[in-house]
Amino acid sequence: MQWGWSDRLSLPYAVMDETHKEFVELCAALSEENPSTFLQRLDALITHSVAHFDQENTWMAETDFPPKGCHEQEHNAVLEIMREVRQRFEAGDEELGARLAEELPHWFEHHVDTMDNMLARHMAALQKEASVLSA
Ligand SMILES: [Fe+2]
Ligand SMILES: [Fe+2]
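Because the structure is a prediction, the values reported are computed rather than measured.

Colleague: Give a description of the nonpolar core that names residues and reports values.
Modeller: Judged by nonpolar contacts, the single largest core of 34 residues is most densely connected at Leu30, Met82 and Leu104. Those elements giving two or more residues to this core turn out to be helix H1 (14–29), helix H2 (38–62), helix H3 (68–90) and helix H4 (94–134). In terms of residue count, H4 provides more of this core than any other element does, 10 residues in total. If near-sequence neighbours (up to four positions away) are discounted, Met82 is found in contact with Phe23, Leu42, Leu45, Ile46, Ser49 and Leu104.

Right, dumping it as structure tokens:
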């Protein structure tokens, strides 16, 4: 069975869900068995992830969110892994690509449950506060 989006991944901040659906789609595409297009699919995921993580890092910076350092570090670490795998795949280690495709969904689910979950609640609370103040 192929991994994909499910409500299990949904967080209380809708904008984030939209970005996460895109991540899930690109991440699931990594497991297609077609080595000739693997790098292309990985590049699409890396490009998405840079923007996705930047957005979250910016939200945290703009709202002085305390777990920022820890959360940013998880983003940087996984990006580094994606880039490392890219390099090694290009150098001939195709097996590593398959391992990345297998491991990333687990990483993402854990990241959503912990880091992104906290951030989504924080952003939703701020949004609610702002709407109360402007009412
Ligand atoms: Fe995220
Ligand atoms: Fe995140």
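So that's the structure; there's more coming.
Colleague: Quick one: what's the story with the pattern of salt bridges, residue by residue and with numbers?
Modeller: Going through the model one piece at a time under the given rule, you end up with nine salt bridges. Among the salt bridges present, the one from Arg86 reaches Asp43, with a minimum N-O distance of 2.6 Å. Remark: Asp43 occurs in helix H2 and Arg86 occurs in helix H3; sequence separation between them is 43 residues. Among the salt bridges present, the one from Arg88 reaches Glu84, with a minimum N-O distance of 3.8 Å.

Colleague: Go over the coordination of the iron ion (ligand 1), please, and point to the residues and values.
Modeller: The iron ion (ligand 1) binds to the protein through His20 (NE2), His52 (NE2), Glu56 (OE) and Asp116 (OD); the donor distances cover 1.9 to 2.3 Å. Written as a sequence motif, the donor residues of the iron ion (ligand 1) are H-x31-H-x3-E-x59-D. A spacing of 3.5 Å is found between the iron ion (ligand 1) and the iron ion (ligand 2), which share Glu56 as a donor. Of this pair, Glu56 sits in helix H2 while Asp116 sits in helix H4, and the two are 60 residues apart along the sequence. Taking the relative accessible area as the measure of exposure, Glu56 reaches 1% and is therefore buried.

Colleague: Report on the layout of surface pockets, specifying residues and quantitative values.
Modeller: Size it by volume and the largest pocket reaches roughly 230 Å³. Forming the walls of the largest pocket are 15 residues, and the residues nearest its centre are Leu30, Glu32, Glu33, Gly97 and Ala98. In terms of residue count, the dominant contributor to the lining of the largest pocket is H4 (six residues). Partitioning the lining of the largest pocket into residue classes produces six nonpolar, three polar and six charged.

Colleague: Could you give me a rundown of empty space enclosed by the protein, with the residues and numbers involved?
Modeller: Here the idea is plain: a probe the size of a water molecule rolls over the atoms and shows the empty space left. This structure, assessed with the given rule, holds one cavity of 30 Å³ or more. One number sums up the size of the largest cavity: a volume of about 30 Å³. Every residue along the wall of the largest cavity is listed here: Met16, Thr19, His52, Gln55, Glu56 and Trp59. Of all elements in the fold, only H1 and H2 reach the threshold of two or more residues within the lining of the largest cavity. By residue number, the principal contributor to the lining of the largest cavity is H2, which donates four residues. Looking at side-chain class alone, the lining of the largest cavity contains two nonpolar, three polar and one charged residues.

Basis of the calculations
Here, residues in each chain are numbered from 1, in the same order as that chain's written sequence. Following the order in which they are written, the chains are lettered starting with A and the ligands numbered starting with 1. Local features in this predicted model are restricted to residues whose pLDDT is 70 or higher, and side-chain atom pairs enter the listing and the counts only when it is 80 or higher, whereas totals over whole chains, interfaces and linings include all residues. Side-chain metrics rest on all non-hydrogen atoms present in the structure, leaving aside hydrogens and water. Throughout this description, the term nonpolar core refers to a set of buried Ala, Val, Leu, Ile, Met, Phe, Trp, Tyr and Cys residues connected via side-chain atoms within 4.5 Å. Exposure is judged per residue with a 1.4 Å probe applied to protein chains only, and the accessible area is read against the type maximum: over 50% gives exposed, under 20% gives buried, and values in between give partly exposed. Only DSSP runs of H or I covering at least 4 residues are called helices, and only runs of E covering at least 2 are called strands; the numbering of each starts at the N terminus. We call two residues in contact when some of their heavy atoms are within 4.5 Å. Salt bridges are counted wherever a side-chain nitrogen of Lys or Arg sits within 4 Å of a carboxyl oxygen of Asp or Glu. Listed donors are limited to N, O and S atoms within 2.8 Å of the metal, widened to 3.2 Å for Na, K and Ca; water is not among them, so incomplete-looking sites are possible. Detection works on a 1 Å grid of protein atoms alone, calling trapped sets that fit a 1.4 Å probe cavities and calling open sets with protein on both sides within 12 Å along at least five of seven lines pockets, with lining residues defined by an atom within 4 Å of a point. Grid points are joined across faces, edges and corners, and a volume is the space filled by probe spheres set on the points. Polar here means any residue outside two lists: the nonpolar Ala, Val, Leu, Ile, Met, Phe, Trp, Tyr, Cys and Pro, and the charged Asp, Glu, Lys and Arg; Gly therefore counts as polar.

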